[in-house]
Amino acid sequence: MNQSVGADNRRNTVTQLSTSKWHRLAYRVTRSAFSRNNNGENDMSVEDNKRIVREFCNHFKTSNADGLIDGMTEDATWWVNGKPHLFPSAGTKTKTEAASMFRNMFTAYSNGLDMKVINLIGEGDSIAAEARSQATTTSGKIYENEYFILFKIRDGKIASVREYTDLMHVQETFG
């Protein structure tokens, strides 16, 4: 009777191991299938896209407008909440207009804009970021703001940005 119990335990263990291996294999195959685009090429993973967003946000601290611009696709857009007739930074900007906005913005800070990413959530080519900024203006005012930013990534670059922030604070600080 002991031999029978021992054989049953070994069979259960083998079955569990086999099932576990099959689950891992199925996961890898499924993940591989979903990480390929229609051309059969590998897309960026969510973790890769999060890394791209972190690196992009780090360019604000060093006032690296060229790094921001280079990190965007040629047809990239940058949208900021608000009414454009009330807030010049509101509305949709092309990559060229965003580049001008970055360069203008960086001249207003004495030592860059420290953009701290608090939280990142991703799915597919979309990365949602919660961020907080802090800077000292060239006139000595403290600028601190909070953001929700939705990034769309394509080919390892930022293809679109939807930025939600407190434009009243921008107006109060910069006039």
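- Going by the annotation in an unreviewed UniProt entry, the name recorded for the protein is SnoaL-like domain-containing protein, with Rhizobium laguerreae given as the source organism.

## Some details on the packing of aromatic side chains
- All chains considered together, the criterion is met by 11 aromatic pairs.
- Plain terms: the ring middles of Trp78 and Phe102 are 5.2 Å apart, the flat faces sit at 80 degrees to each other, and that makes the pair edge-to-face. Taken together, the residues span a long stretch of sequence, with Trp78 in strand β1 (residues 72–80) and Phe102 in helix α4 (residues 95–107) at a distance of 24 residues. Comparing Trp78 with Phe102 shows no difference in burial state: the two are buried.
- Centre to centre, the rings of Phe148 and Tyr164 are 6.0 Å apart; their planes meet at 45 degrees, and the pair counts as tilted. Placement of the pair is Phe148 in strand β5 (residues 142–154) and Tyr164 in strand β6 (residues 157–165), with a sequence separation of 16 residues.
- Overall, the relative accessible area of 39% leaves Phe148 in the partly exposed class.

## What to know about helix α5 (residues 167–174)
- Among the residues making up α5, those that are buried are Leu167, His169 and Thr173. The buried residues of α5 occupy an angular sector of 155 degrees when projected down its axis, which confines them to one face. Along α5, exposed side chains directed more than 90 degrees from the buried face belong to Met168 and Glu172.
- Where α5 is buried, its residues contact β1, β5 and β6.
- One side-chain oxygen of the residue at the start of α5 lies 3.1 Å from the amide nitrogen of Met168, identifying that residue as Asp166.
- Backbone geometry just after α5 places Gly175 at a positive phi near 80 degrees.

## Things to note about the sheet that holds strand β4 (residues 126–136)
- Strand order in the open sheet made by the 6 strands is β2-β1-β6-β5-β4-β3, with mixed pairing throughout. Each end of this open sheet is capped by a strand with a single partner; those strands are β2 (91–94) and β3 (114–123). In this sheet, neighbouring strand axes are inclined to one another by 20 degrees on average, regardless of whether the strands run parallel or antiparallel.
- Relative to β6, β1 runs parallel, the two sharing 5 bridges. Among the inter-strand pairings, Trp78 is bridged to a residue of β6, identified as Val161.

What counts, and at which threshold
- Residues numbered from 1 in each chain as written.
- Predicted model: local features only at pLDDT ≥ 70, side-chain atom pairs only at ≥ 80, totals over all residues.
- Heavy atoms only, no water.
- Phe/Tyr/Trp six-rings, centres within 6.5 Å; stacked < 30°, edge-to-face > 60°.
- Helix = DSSP H or I, 4+ residues; strand = E, 2+ residues; numbered from the N terminus.
- Buried < 20%, exposed > 50% of the residue type's maximum accessible area, 1.4 Å probe, protein only.
- Arc of directions from axis to C-beta.
- Contact = heavy atoms within 4.5 Å.
- Polar contact = N/O pair within 3.5 Å; in protein donor to acceptor, adjacent residues only side chain to side chain.
- Pairing = 2+ DSSP bridges.
- Axes fitted to C-alpha atoms, helices over the stretch in contact; angles between N-to-C directions.

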